[in-house]
Amino acid sequence: MIRLGVNIDHVATVRQARRANEPDPVAAAVLATLGGADGITVHLREDRRHIQDRDVYLLRETVTTRLNLELAAYDEIIAIALKVKPDEATLVPEKRQELTTEGGLDVTANVASVSAATERLKAAGIHVSLFIDPDPRQIDAAHRLKADAIEFQTASYSEAKGETAVARELEKLRSGTAQAVGLGLHVHMGHGLNYWNVQPVVRIAGVEELNIGHSIVSRAVLVGMDRAVREMKQVMQEHYPNPRK
């Protein structure tokens, strides 16, 4: 069964809107785990717009499943990752002016910085994933840099309009997954997935993990975090090619 990593960044977004103490993303992580999350994902941005250093350190102490830390290849953030030692570090592109991560990391254009960050993190025993587009060149580059995993950005699929465009983006994810698996890379996916568009994605052979945040947090505002996670897990299980009986 595909793992579900729950991204709790937007719980922190609500907190930071008032510079308050609540809602606490650490508490959200506990409830997500109770709801069946297989891991917790957070993005420690350079501008600290949502997740704070304090959150990352406390999550390392409290997350009992897997902690995935998303980060750009900035020395300051990498230094924190080396102290925290998450189970996995996912290198992502980052721009201060963006609302959310836009597109995948261009590994081929940033070989030096991505390679250096990957080597430092792996030397500390941290599994490294690269957040990339399902592009053959980027997949090959991730393999050459000895990443443990790749996470395909699914925004292009999630935002596609019309059956033809959606089918085209799904095929890119399928073929990219086959290529990556053939190279020995673990395959994750995430960005813009929700309770409806996730259904075809879980049917793609070779995908091991989905990281979903905004849709689950949005649902959690109405029904609670544990229920929102349970509902996502149920959708994933129902549409997995060989659902558990």
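Residues numbered from 1 in each chain as written. Predicted model: local features only at pLDDT ≥ 70, side-chain atom pairs only at ≥ 80, totals over all residues. Heavy atoms only, no water.

Novice: Is there a simple way to explain the sheet that holds strand S1 (residues 3-7) in this structure?
Specialist: Paired through their backbone hydrogen bonds, the strands of a sheet run either parallel or antiparallel. Taking strand neighbours around the barrel as the criterion, the eight strands line up as S1-S2-S3-S4-S5-S6-S7-S8 in a closed arrangement whose pairing is parallel. The sheet shows a mean angle of 25 degrees between the axes of neighbouring strands, taken without regard to direction. (Pairing = 2+ DSSP bridges. Helix = DSSP H or I, 4+ residues; strand = E, 2+ residues; numbered from the N terminus. Axes fitted to C-alpha atoms, helices over the stretch in contact; angles between N-to-C directions.)

Novice: What is the right way to look at the packing of aromatic side chains in this model?
Specialist: For any pair of aromatic rings, the description consists of the separation of the ring centres together with the inter-plane angle of the planes. This model, assessed by the stated rule, comprises one aromatic pair. Plain terms: the ring middles of tyrosine 195 and tryptophan 196 are 6.3 Å apart, the flat faces sit at 70 degrees to each other, and that makes the pair edge-to-face. Look at tyrosine 195 and you get buried, because its relative accessible area is 10%. Tryptophan 196 gets classed as exposed once you look at its relative accessible area, which sits at 64%. (Phe/Tyr/Trp six-rings, centres within 6.5 Å; stacked < 30°, edge-to-face > 60°. Buried < 20%, exposed > 50% of the residue type's maximum accessible area, 1.4 Å probe, protein only.)

Novice: Please explain the UniProt feature "binding site: 3-amino-2-oxopropyl phosphate" (unreviewed entry) in the protein chain as it appears in this structure.
Specialist: Residues annotated by UniProt as "binding site: 3-amino-2-oxopropyl phosphate" (unreviewed entry) correspond here to Asn7, Arg18, Gly192, Gly213 and His214. Their sequence span is 208 residues, while the largest C-alpha to C-alpha distance among them is 25.4 Å; these annotated residues do not converge on one region. Mapped onto the elements, arginine 18 comes out in the loop between helix H1 (9-17) and helix H2 (25-34). Accessibility expressed as a relative area gives 71% for arginine 18, which makes it exposed. (UniProt positions renumbered as here; feature names shortened; annotations may be inferred.)

Novice: Could you clarify how one ought to interpret the pattern of salt bridges in this entry?
Specialist: Opposite charge on two side chains lets them pair, provided their charged atoms get close. A complete count under the given rule lists 18 salt bridges for this structure. Residue arginine 230 is joined to aspartate 226 by a salt bridge in which the shortest nitrogen-to-oxygen separation is 3.6 Å. A residue pair is termed a helical-turn pair when its members lie 3 or 4 positions apart in one helix, as arginine 230 and aspartate 226 do in helix H11 (residues 225-239) at four residues. Given a relative accessible area of 28%, aspartate 226 falls into the partly exposed group. Among the ionic contacts, a cluster of salt bridges with common partners joins Arg15, Asp24, Arg54 and Asp55. (Salt bridge = Lys/Arg side-chain N within 4 Å of Asp/Glu carboxyl O.)

Novice: Looking at this structure, how should I read helix H3 (residues 53-62)?
Specialist: Since one α-helical turn is 3.6 residues long, residues separated by three or four positions face the same way. Listing the buried residues of H3 in full gives Asp55, Val56 and Leu59. One side of H3 carries all its buried residues, which in axial view fall inside an arc of 95 degrees. Summarising the contacts, the buried residues of H3 are in contact with H1, H2, strand S2 (39-43), strand S3 (67-71) and helix H4 (75-84). (Arc of directions from axis to C-beta. Contact = heavy atoms within 4.5 Å.)

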